[in-house]
Amino acid sequence: MRKLYKINVKTPLAIIVAAFLLILTFCVQAAQNSNQGFMPFLTNRDTTPSKLQKDSFPNILKKNLQNDTSEKKAGADSLIFIDSLKISKDSIDVPIKYHADDSGVLIMSTRDFFLYGKAKVDYKELKLEANTIHLDQHTQTIKAYGALDSTGNPMSKPQFTEGEMKTVSDTIAYNLKTGKGLIQNTFFQEGEIFMNARYLKKVSADEVFARQARFTTCNLDTPHFAFRANRMKIINNKLGITGRVYPEIESVPIPMIFLPFGIFPLNRARHSGVLLPAFTASEDFGLGLEGLGYYKVINEYVDVTTRANLYSYGGWSLNFNSKYLRRYKFTGNVNLSFQNTKALNRNSLSKEEFNNSKSFMLNWSHSRDNRARPGTNFSANVNFGSTKFNQTLLNNPFQNYQNQLSSSINYSKDWRGKYNLSLNLNHNQNSTTRLVNMSLPNASFNVVTLYPFQPKDQVGTGKWYEKIGVGYSGNFQNQLSFYDTAFNLRRLLDTVQWGAVHNIPITLSLPALGPITVSPSVSYEERWYGQRIFRTWNDAKSKVDTTIQKGFYTARQMSFGVGINTRIFGTYTFSKNSNIQAIRHEIRPTISINYKPDFASKYYYNTKVDTSGRVLRFSQFDGGVIGSFSEGTFGGIGFGIDNLLEMKVKDKSDSTGKSTKKVKLIDGFGFNSSYNLLADSFALGSFSFYARSTLFDKINITAGANLDPYDVDSKGYRLKNILWDPRRFKFGRITGGNLAISTSFKSKSADGKESDKNRQLPVDPFMTPDEQQRQLQFARANPAEFTDFNIPWTLSLSYSLNFTRVLKPDFSGYATQTYSSVNFNGDFSLTPKWKVGGTGFYDVTKGDIQQISMFITREMHCWQLAINVTPLGLYRSFNITFSPKSGILRDLKINRSRTFSSY
């Protein structure tokens, strides 16, 4: 009859330890007497035990026994005992940790061990949880079973975890020695794939075979869609291979639509592969394939993506993109694009059937980690290419209207906070005028303020002269310009300009006189020029001729000043029962007394500019890379006032009614001007007004204006008389201004929780600024794919206005240039699953809508339907996409797009 030993796992620890020592003593004595090996219930009765080698025991045990100096003889006996021990072949190589809420049963004769009630077993990397676990020591097989609750529903299903594989099954059988197993009706996840198999055979830690398998990317118990295959092999974190595979929609199989085999990449790391294209159609470019390419991982730091667009009319485009990253050192991205555009010619007067053009674009962004080389920094953001490149891009309305390109490359070096050097290269180009300006190289060197009279070890309050500070800043600039339509190296060299500025400020920090702060200063500035410009009147042609003289020329200037500023506060308090508790007004006036001698008048001259005999005064250094000094002596007063207005109101969210909060009414409002006491005319300077506010924490307002107090003639030239007529509300002329208003509104989230604004566009900390900009542009061009269904509606509006008066190129007078536009963006939910929205741009100056895009999208849990329409813009288009949300199945989509030219 078998002997059963039932162990209650809830028994106190002391009893369990005592029982264990008792059994261990019995087993050792039995082993010595019968030579049956160590622990009979782990020994194969039909086989002769093998002799245990010394190295099979932990070295630490041997070391401890050999180093026991107090009982050397006992130690030696112990070593002899270890060498003579015999162990069974079916013994377990490492301890097994186990737990059970109910009980554990050990059958000595058959070496079977049972765990009941939420049992858990840990063995190496294997973790097993189940209602019942059975360990057969003889075969080294472990089995796990689930259970049913009182209602007959399954509970405590076996959960098997080894490495990155985790399964939930009905039954599990696993051999601890071979690592093989057989699992029935198992569910597990591999990357984005959720899989269910009737039978799963595990042949190694990384390979499994499945029979009657169903796999999907839908995480529901009954998925909306799935793929069925009778046989399947999975290599962990690499790929899955199936035989004949067919789809299943809402648990309805569709075997007539099938593939003879399937290969599914499961590698979560970067790996090379083909990028599948999308089909498109356009009246101007023909039928096409867009996005066909290949992704190549060069090494762990660099990868390359190649994509091509091919069109039936003969046009094509090619794009190379490489991203490089060295953690804690640098990161960057290089993008090179070529376009060979061949579009249908819609001009009826032209004999050519197609319009042909070639363009390119280079984008490079680079940033270095500050920890790589402390004290130095290098960064680059380059966007250089053909001016027509943006105009010929398909399905990108935002970039189609981007007329400006700019680049910058910067290097900086700092010497312990005392000196710093900056080198940079800059570039900008306008796709409308086709003008390209390049400023390279530019250098800037600065010395922080030094206090030459201050002792190194100062004790107590220093003398006033010890606070005299001297600094230095130098700036060297080079610039060249050309038109990309008429590039010529000789003409390019003729446009090269250079210049340098040296500035030595001297300051004195005086202690505050109560609420008043006094700051005296002296400044010396010198400028170097590489050319002079002379304008002369040509009587024969009745125009102004310009002559440029190359060389080395200098000019200098000095200024002296004392600045005084303070702060004035005023508070108006309301009654305690009022929602508005108080209004606080802060005034920050500034007054400065300045003197500037006239060092620049010798560089000015008079020139006739029109047939009426009008004469203007010009500087020899006007139009250079560095501006000229203003002529005339200035000895006067500079003044300005800044205002801050805020109020304190009751916090309605506070149930006690005692809490308050601050609300800013005006973040800043003021003006600046000056008055020259030494000038015989135009003594009063122009007024610069500004205002900024955030009303109700929703509406952002920024405004500014320049007011000239003097009148002008019919052509816009200034007169000496001040324009002051209060009856007509005339207090000068506004010569320029700007206004920007923006706001955004959104409803409360459907679940009542605060929406995560960054949920739709996750930011990769190693993503370059250029990649972030492209991601934003893609989101704008495809808003249906970045929709938050948790917010019922959103609305964003912005308005901008800029105007200024500029002198006409022929000096015939002044003209006002005005730019004004309105941008809008919004969406709302028709139902919890349907959402529509749109975005647009209205040019107020031209009086028409430049671009508008609309979308409608359908939330389908694991799938999405998106329709994007652009009825107005440089290109009109529509796109319909039906695709799964999973990244692994992103190429499994139905896409239909058409593009039409608006010209």
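Here the structure is a predicted model, which means the values were calculated and not measured. (Residues numbered from 1 in each chain as written. Predicted model: local features only at pLDDT ≥ 70, side-chain atom pairs only at ≥ 80, totals over all residues. Heavy atoms only, no water.)

**Considering the overall build of the protein chain**
Our working rule: Under the scheme used here, helices are H or I runs from DSSP no shorter than 4 residues and strands are E runs no shorter than 2 residues, and both carry numbers assigned from the N terminus. Working definition: with a 1.4 Å probe on protein chains only, accessible area under 20% of the residue-type maximum means buried, over 50% means exposed, and in between means partly exposed.
From N to C terminus, the protein chain includes 6 helices and 54 strands. Within the protein chain, the proportion of its 903 residues that are buried is 35%.

**Notes on a positive patch on the surface**
Convention followed: Only residues whose relative accessible area exceeds 30% and that form no salt bridge are eligible for patches; like-charged ones are grouped when within 9 Å, while nonpolar side chains (Val, Leu, Ile, Met, Phe, Trp, Tyr) are grouped when within 5 Å. Using a 1.4 Å probe, the Shrake-Rupley method yields the accessible areas, and only the shown protein chains count as cover for residues. Within this document, salt bridges are pairs made up of a side-chain nitrogen of Lys or Arg and a carboxyl oxygen of Asp or Glu, the two lying within 4 Å of each other. Charged residues are defined narrowly, with Lys and Arg counted positive, Asp and Glu counted negative, and His plus the chain ends left uncounted. For this purpose, a charge sits on NZ of Lys, CZ of Arg, CG of Asp or CD of Glu.
A cluster of basic side chains, namely Lys648, Lys662, Lys664 and Arg692, defines a positive patch on the protein surface. Overall, the relative accessible area of 64% leaves lysine 662 in the exposed class.

**A short note on the nonpolar core**
To keep it simple, the criterion reads: Here the nonpolar core consists of buried residues drawn from Ala, Val, Leu, Ile, Met, Phe, Trp, Tyr and Cys, with membership extended through side-chain atoms lying within 4.5 Å. Contacts: residue pairs with any heavy atoms within 4.5 Å of one another.
The biggest cluster of nonpolar side chains holds 42 residues, and the ones touching the most others in it are Leu128, Ile133, Ile142, Met195 and Phe215. Among the elements of the structure, β6 (112-123), β7 (126-136), β8 (141-145), β13 (171-175), β14 (181-190), β15 (193-202), β16 (207-216) and β17 (225-235) are those that each provide at least two residues to this core. In contact with isoleucine 133, not counting residues within four places along its chain, are Phe113, Phe114, Leu115, Ala119, Lys120, Val121, Leu128, Ile142, Lys143 and Ala144. Formed by 11 residues, the second largest nonpolar core is a distinct cluster that contains Tyr604, Phe621, Val625 and Ile626.

**What to know about the confidence of the model for the protein chain**
Any segment with low pLDDT has predicted coordinates that should not be analysed in fine detail. Selection criterion: The predictor attaches a confidence to each residue, called pLDDT, with possible values from 0 through 100.
Per-residue confidence for the protein chain gives a mean pLDDT of 81, with 84% of residues at or over 70. This stretch, residues 31-83, has a pLDDT under 50; its non-local contacts, to residues over four places away or in other chains, come to 53 contacts. The model gives residues 755-770 a pLDDT under 50, and that stretch makes 33 contacts with residues more than four places away or in other chains.

**Side note on the packing of aromatic side chains**
Both the distance between ring centres and the angle between the ring planes are used here to describe each pair of aromatic rings. Heads up, the condition is: Note on aromatic contacts: the rings of Phe and Tyr and the six-membered ring of Trp form a pair at centre separations within 6.5 Å, being stacked when their planes are under 30 degrees apart, edge-to-face when over 60 apart, and tilted otherwise.
Tallying each qualifying case throughout the model produces 31 aromatic pairs. Residues phenylalanine 682 and tyrosine 710 carry aromatic rings whose centres are separated by 5.0 Å and whose planes lie at 70° to one another, so their mutual orientation is edge-to-face. A residue pair is termed long-range when its members are at least 10 positions apart, and phenylalanine 682 in the loop between β42 (660-676) and β43 (687-695) and tyrosine 710 in strand β45 (residues 710-712) qualify at 28 residues. Accessibility expressed as a relative area gives 31% for phenylalanine 682, which makes it partly exposed. We classify tyrosine 710 as buried; its relative accessible area is 3%.

**Focus on the pairing of strand β47 (residues 733-746)**
To keep it simple, the criterion reads: Following DSSP output, two strands are said to pair if at least two bridges run between them.
Two elements, strand β44 (residues 699-708) and β47, share 10 bridges in a ladder whose sense is antiparallel. Within the sheet, the bridge partner assigned to isoleucine 699 lies in β47 and is threonine 743. Of the pairings in the sheet, the one linking β47 to strand β48 (residues 793-807) comprises 11 bridges and is antiparallel in character. Of the residues in β48, the one forming a bridge with asparagine 738 is asparagine 802.

**Focus on the side chain of asparagine 424**
Worth spelling out the cut-off: Contacts described as polar in this section are N or O atom pairs within 3.5 Å, which, within protein, must combine one atom able to donate a hydrogen with one able to accept it, while residues neighboring in sequence count only if both atoms come from side chains.
Following the sequence through the fold, asparagine 424 ends up in strand β31 (residues 419-430). Among the residues examined, asparagine 424 registers a relative accessible area of 13% and is labelled buried. Within the local environment of asparagine 424, its side chain forms a polar contact with the side chain of asparagine 426, the two groups lying 3.1 Å apart. Setting aside chain neighbours within four positions, we find asparagine 424 in contact with Ile409, Asn410, Ser439, Pro441 and Asn442.

**Digging into the pattern of salt bridges**
Evaluated as defined, the whole model comprises 20 salt bridges. A salt bridge links aspartate 713 to arginine 614; the nearest nitrogen and oxygen atoms lie 3.1 Å apart. Taken together, the residues span a long stretch of sequence, with aspartate 713 in the loop between β45 and β46 (718-722) and arginine 614 in the loop between β39 (604-608) and β40 (615-619) at a distance of 99 residues. For arginine 614, a relative accessible area of 22% translates into the label partly exposed. Linked through salt bridges whose partners overlap, the residues forming this network are Arg567, Arg584, Glu586, Arg588, Asp642 and Glu646.

**Some remarks on the environment of aspartate 848**
Following the sequence through the fold, aspartate 848 ends up in strand β51 (residues 848-860). Given a relative accessible area of 34%, aspartate 848 falls into the partly exposed group. In the structure, aspartate 848 is positioned 27 residues away from serine 821 in sequence and 9.9 Å away in space, judged by C-alpha atoms. Sequence-distant contacts of aspartate 848, that is, excluding residues within four places in its chain, are made with Tyr842 and Asp843. Reaching out from aspartate 848, the side chain makes a polar contact with the side chain of glutamine 850 at a distance of 2.7 Å.

**Side note on the pairing of β8**
Bridge count for β7 against β8 is 5 bridges, and the pairing is antiparallel. Pairing of aspartate 136 across the sheet is with threonine 141, part of β8. Linking β7 to β8, which pair antiparallel, is a turn of 4 residues; within it glutamine 140 sits at a positive phi near 55°. One ladder, built from 5 bridges, connects β8 with β13; its direction is antiparallel. Among the inter-strand pairings, lysine 143 is bridged to a residue of β13, identified as alanine 173.

**Notes on the state of the cysteines**
Simply put, the disulfide is a covalent bond whose two ends are the sulfur atoms of two cysteines. We count it as follows: The rule for a disulfide is simple: a pair of cysteine sulfur atoms within 2.5 Å.
Tallied over the entire structure, the rule returns 0 disulfides. No disulfide involves cysteine 218; its sulfur sits 3.7 Å from the nearest other cysteine sulfur, which is in cysteine 862. Classification of cysteine 218 by relative accessible area gives buried; the value is 1%. For cysteine 862, a relative accessible area of 6% translates into the label buried.

**Thoughts on the environment of phenylalanine 560**
Along the chain, phenylalanine 560 turns up in strand β36 (residues 543-565). Residue classification places phenylalanine 560 among the partly exposed positions, given a relative accessible area of 34%. On a C-alpha basis, the gap between phenylalanine 560 and valine 522 in space is 4.7 Å, while along the polypeptide they are 38 residues apart. With sequence-adjacent residues up to four places away left out, phenylalanine 560 is seen in contact with Ser521, Val522, Ile593, Asn594, Tyr595 and Pro597.

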